[in-house]
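Below, each chain spelled out in residue letters.
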Amino acid sequence: MTDEAPSPAPMATTAGLLGAGTVLIFDGKGGVRRHTSEEDLPKAPLRGFVLIAGNSRAPEFRVWMKGELGDFHADLLSAPSTRARCTVVGDKALVVIRVARPGAEPDDMGRQLMSLLIEKGRVTIASELNVADFLGLPKWESSHHAPVSPADLVARLGLRAADRLEPLVEMLGDRLDSIEESLIIENTSTAQSRLSHLRRTMISFRRMVWPLRDTLNTLEIEDLSFFSARDRLRLREASARSARLGDELQAMSERAVLVHEQIIDARAEQMNRTMLILAAVTVVFMPLTLVTGVLGMNVSGIPMANDPEAFWYVCGGLICFSIAIVVWMRKRRWL
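None of the values given here were measured: they were computed from a predicted structure.

Participant: Which parts of the structure should I look at to understand the overall build of the protein chain?
Facilitator: Looking only at helices and strands, the protein chain features eight helices and seven strands. The buried share of the protein chain, taken over its 335 residues, is 43%. Of the contacts made within the protein chain by residues no fewer than 6 positions apart, 65% connect residues no fewer than 24 positions apart. Split by element, the accessible area of the protein chain, about 18,300 Å² in all, is 57% carbon and sulfur.

See below:
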């Protein structure tokens, strides 16, 4: 038995391809090495596979895909997409993963797409990402802990995508904590706008996390001949990681709803206090308005109309009456 098996499709030359991409050979035992030859593409090892990654916008890589994979699969890999998905065609699977750009902020994740064509003995990736850096290739070369199968590679890609999202999700949690603290000091004017922006951001995150989970789940249950039980277990673990992030986002969304209700309650309480003050003022001044209106009638017979001290008597009586009303309302706890 030889150490290498024929690849699933005839291999084209790497002339021009290596200038637009990377070719990696995984031995299926945890080892990986770069292919730098300008000759024919390497054959897949008996227990391993070949990874071919190129820039989806590079003309050389597009030409190679059409010549090596055919127009149909080349168009699938290079077609623009906005959502993660998994599509199975025969014994091949097309997987699209959305990845946050390095150093992204929650408000600007800069989503980048990674399209993978998975087949027996080979994985082709079309993406503007630097796949080698994204996967952590130098670490794999030194630790001898590289993926052992195409499914294992996809699972690790899913884990890497989740790793980039996790600190961003933590930032969202910190922002929600900050909004809750602002509510403690009753600063509801800024909390409302901040909370609305945060909820919109969380919706964007959920649109990124849940499709990633569904993509990995779909790939796990598909009946591909070269998937082993271990491969499906690895995909399930990666899917569970994405599901945990989704659950955390769901919990934060529920917290945001509660915070929104607290803001509404605080505003309602503030409005009730304002209305209570207005009602108290109305109760105090309505009798005074009645008295002054009666005394201000331009008719004869007004008591003490000719008394020079009458004005001060009336003012003193109104003040005493107002104080009495206020004291009575405080005893009834209306103020």
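Next, the rest of the story.
Participant: Is there a simple way to think about the packing of helix α1 (residues 59-69) against helix α2 (residues 71-78) in this case?
Facilitator: For any two helices packed against each other, the geometry comes down to the angle between their axes and how far apart the axes lie. At a minimum axis separation of 7 Å, α1 and α2 run at an interaxial angle of 140°. Judged by the inter-axis angle, α1 sits oblique to α2. For the pair α1 and α2, the sense of crossing is right-handed. In this structure, α1 uses R62, M65, K66 and L69 to contact α2, whose residues at the interface are D71, H73, A74, D75, L77 and S78.

Participant: Looking at this structure, how should I read the side chain of D152?
Facilitator: Within the secondary structure layout, D152 lies in helix α5 (residues 150-184). A distance of 3.0 Å separates a polar atom in the side chain of D152 from a polar atom in the side chain of R234. In this view, D152 contacts P147, R230, D231 and R234; residues no more than four positions away in its chain are not counted.

Participant: How should the pairing of strand β5 (residues 92-99) be read in this particular structure?
Facilitator: Within β5, seven of the eight residues are buried, which leaves the element mostly enclosed by the surrounding structure. In this sheet, β5 lies alongside strand β4 (residues 85-89) in antiparallel orientation, the contact comprising five bridges. Considered in β5, the bridge of V88 is made with A93. A loop of two residues connects β4 with β5, the two strands running antiparallel in sequence, and G90 in this loop sits at a positive phi of about 65°. Of the strand pairs in this sheet, β5 and strand β6 (residues 112-119) are connected by seven bridges, and their pairing is antiparallel. Residue pairing in the sheet places I97 in a bridge with M114 of β6.

Participant: Looking at this structure, how should I read α1?
Facilitator: Note: α-helices contain 3.6 residues per turn, so residues at a spacing of three or four share the same orientation. Taken together, the buried positions of α1 are occupied by F61, W64, M65, E68 and L69. For α1, the angular spread of the buried residues around the axis is 100°, confining them to a single face. Exposed residues on α1 whose side chains face more than 90 degrees from its buried face are P59, V63 and G67. Turning to α1, the residues buried within the fold contact β3 (49-54), α2, β6 and β7 (122-127). A positive phi of about 95° marks G70, the residue just after α1.

Participant: Looking at this model, I keep getting lost on the environment of A74. Mind explaining?
Facilitator: Secondary-structure assignment places A74 in helix α2. Note on A74: relative accessible area 2%, which makes it buried. Residues A74 and A126, 52 residues apart in the sequence, show an inter-C-alpha distance of 9.4 Å. If near-sequence neighbours (up to four positions away) are discounted, A74 is found in contact with M65, K66 and L69.

Participant: Would you mind showing me how to read the nonpolar core here?
Facilitator: Soluble globular proteins: nonpolar side chains tend toward being buried together. One finds L116, I118, I125, L157 and L219 to be the most contacted residues of the largest nonpolar core, which totals 38 residues. Element by element, the count of residues in this core is highest for α5, at six residues. Apart from residues no more than four positions distant in its own chain, I125 is found in contact with L51, I52, A53, G54, F61, M114, S115, L116, V131 and L157. The next biggest cluster of nonpolar side chains, apart from the first, holds 23 residues, and it includes A162, L165, V169 and L195.

Participant: Explain the pattern of salt bridges to me, please; I cannot follow it from the model alone.
Facilitator: Any two side chains of opposite charge can pair, on the condition that their charged atoms come close. Per the stated rule, a full pass over the model turns up 16 salt bridges. The salt bridge involving R273 is made with E269; its shortest N-O contact spans 2.9 Å. Note that R273 and E269 are positioned in helix α7 (residues 229-295) at a spacing of four residues, about one turn of the helix. Each of the salt bridges in this network shares a partner with another, and the network as a whole consists of D152, R156, R230, R234 and E237.

Conventions and cut-offs
Residues numbered from 1 in each chain as written. Predicted model: local features only at pLDDT ≥ 70, side-chain atom pairs only at ≥ 80, totals over all residues. Heavy atoms only, no water. Helix = DSSP H or I, 4+ residues; strand = E, 2+ residues; numbered from the N terminus. Buried < 20%, exposed > 50% of the residue type's maximum accessible area, 1.4 Å probe, protein only. Contact = heavy atoms within 4.5 Å. Areas by Shrake-Rupley, 256 points an atom, 1.4 Å probe, with all protein chains shown as cover. Axes fitted to C-alpha atoms, helices over the stretch in contact; angles between N-to-C directions. Parallel < 35°, antiparallel > 145°, perpendicular 65-115°, else oblique. Left-handed = near helix turned anticlockwise from the far one by under 90°. Polar contact = N/O pair within 3.5 Å; in protein donor to acceptor, adjacent residues only side chain to side chain. Pairing = 2+ DSSP bridges. Arc of directions from axis to C-beta. Core = buried A, V, L, I, M, F, W, Y, C linked by side-chain atoms within 4.5 Å. Salt bridge = Lys/Arg side-chain N within 4 Å of Asp/Glu carboxyl O.

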